Amino acid sequence: MPPATATRRESLEWLSDAALSADFGLISTASLVVGVACASAERQTVLAAAMAVLFSGSFAMAAEQYLSVSTEADRARVDLASRLMQHDAQGEQTRDEQGLAEIDAVRPLKEAVTAAACFAVGAALPLLVVLLAAPARVVPLTVTSSLLLLAVLGAIGARIDGASEAKAVARIVFWGALAMGVTAIEGLIFGAVT
């Protein structure tokens, strides 16, 4: 693959991964906001829950991405070392040494920070709704705005990946609505108990 094509492909993969991380932040935070708001109408309680999921989710995304990228690079190094030991031909070693350069170019910390930032961007919308909306409007505004943004992010991700936008949007909106619906039911049940 020519260097320009490889660079473009990497940029597109990065954008697609960023959209997915934002989806996770949006679904996680919106679901928790809806669940807690259904259990308690107090703005401070809902805000504290939203902030908690923003921070814990961002750090969890960072840790997952760091560990995933690091593990993948470790596996590639082990595989490459095994191939280098098996092949003595100069041409094979040169190709394998180029593979080592690609493995060394992996930056797990950069990937982790990016994933955390994208999660936080996705989590920002429900947090803003909690801050700006009247308590009685938090649930409907969170659900509506979150599903709309999920549809937009799903379409963007599908376009980047060259996939069907309609299928991607339907999939992400369905799972986002399901997550918010389940936590709303949980919030109503446990809110009624207290």
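Please read these numbers as outputs of a predicted model, since none were measured by experiment. (Residues numbered from 1 in each chain as written. Predicted model: local features only at pLDDT ≥ 70, side-chain atom pairs only at ≥ 80, totals over all residues. Heavy atoms only, no water.)

Q: Got a minute to help me understand the nonpolar core in this structure?
A: Grouped together as the largest cluster of nonpolar side chains are 17 residues, with contacts concentrated most on Val 33, Val 46, Leu 127, Val 130 and Val 138. At the level of elements, α1 (3-39), α2 (43-86) and α4 (108-132) are the ones that each hand at least two residues to this core. If we ignore the near neighbours within four places in the chain, the residues touching Val 46 are Val 33, Val 36, Ala 37, Ser 40 and Val 130. Counting six residues, the second largest nonpolar core, distinct from the first, contains Ala 22, Leu 26, Leu 153 and Ile 172. (Core = buried A, V, L, I, M, F, W, Y, C linked by side-chain atoms within 4.5 Å. Buried < 20%, exposed > 50% of the residue type's maximum accessible area, 1.4 Å probe, protein only. Helix = DSSP H or I, 4+ residues; strand = E, 2+ residues; numbered from the N terminus. Contact = heavy atoms within 4.5 Å.)

Q: Even after reading the chapter, I still don't get the environment of Ala 184, so can you show me in this structure?
A: Relative to the assigned elements, Ala 184 resides in helix α6 (residues 165-193). Among the residues examined, Ala 184 registers a relative accessible area of 14% and is labelled buried. Those residues in contact with Ala 184 that lie beyond four places of it in its chain are Val 34, Gly 35 and Cys 38.

Q: Looking at this structure, how should I read the pattern of salt bridges?
A: Scanning all chains against the criterion turns up one salt bridge. Measuring nitrogen to oxygen at the nearest pair gives 2.9 Å for the salt bridge that ties Arg 159 to Glu 165. A relative accessible area of 61% places Arg 159 in the exposed class. (Salt bridge = Lys/Arg side-chain N within 4 Å of Asp/Glu carboxyl O.)

Q: Honestly, the packing of aromatic side chains in this entry has me stumped. Any pointers?
A: The final tally for this structure, using the stated rule, is one aromatic pair. When the centroid spacing of 5.2 Å and the interplanar angle of 80 degrees are considered together, the rings of Phe 174 and Trp 175 count as edge-to-face. Looking at Phe 174, the relative accessible area reads 47%, which means it is partly exposed. (Phe/Tyr/Trp six-rings, centres within 6.5 Å; stacked < 30°, edge-to-face > 60°.)

Q: Can you walk me through the packing of α4 against helix α5 (residues 138-161) in this structure?
A: Any two packed helices are characterised by how steeply their axes cross, that is the angle between the axes, and by the distance between the axes. Interhelical geometry of α4 versus α5 gives an angle of 155 degrees and a closest axis separation of 9 Å. Overall, the two elements α4 and α5 adopt an arrangement that is roughly antiparallel. Like other packed secondary-structure pairs, α4 and α5 cross with a definite hand, here right-handed. When α4 is examined against α5, the residues Leu 125, Pro 126, Val 129 and Val 130 are found in contact with a partner set consisting of Val 138, Leu 141, Thr 142, Ser 145, Ser 146 and Leu 149. Split into classes, the residues belonging to the contact of α4 with α5 amount to seven nonpolar, three polar and no charged. (Axes fitted to C-alpha atoms, helices over the stretch in contact; angles between N-to-C directions. Parallel < 35°, antiparallel > 145°, perpendicular 65-115°, else oblique. Left-handed = near helix turned anticlockwise from the far one by under 90°. Nonpolar A, V, L, I, M, F, W, Y, C, P; charged D, E, K, R; others polar.)

Q: I tried to follow the environment of Val 139 on my own but got confused; where do I start?
A: Within the fold, Val 139 resides in helix α5. Measuring from C-alpha to C-alpha, the distance between Val 139 and Gly 35 comes to 8.6 Å, with 104 residues separating the pair along the chain. In this structure, Val 139 is in contact with Val 34, Ala 37 and Cys 38, ignoring residues within four places of it in sequence.

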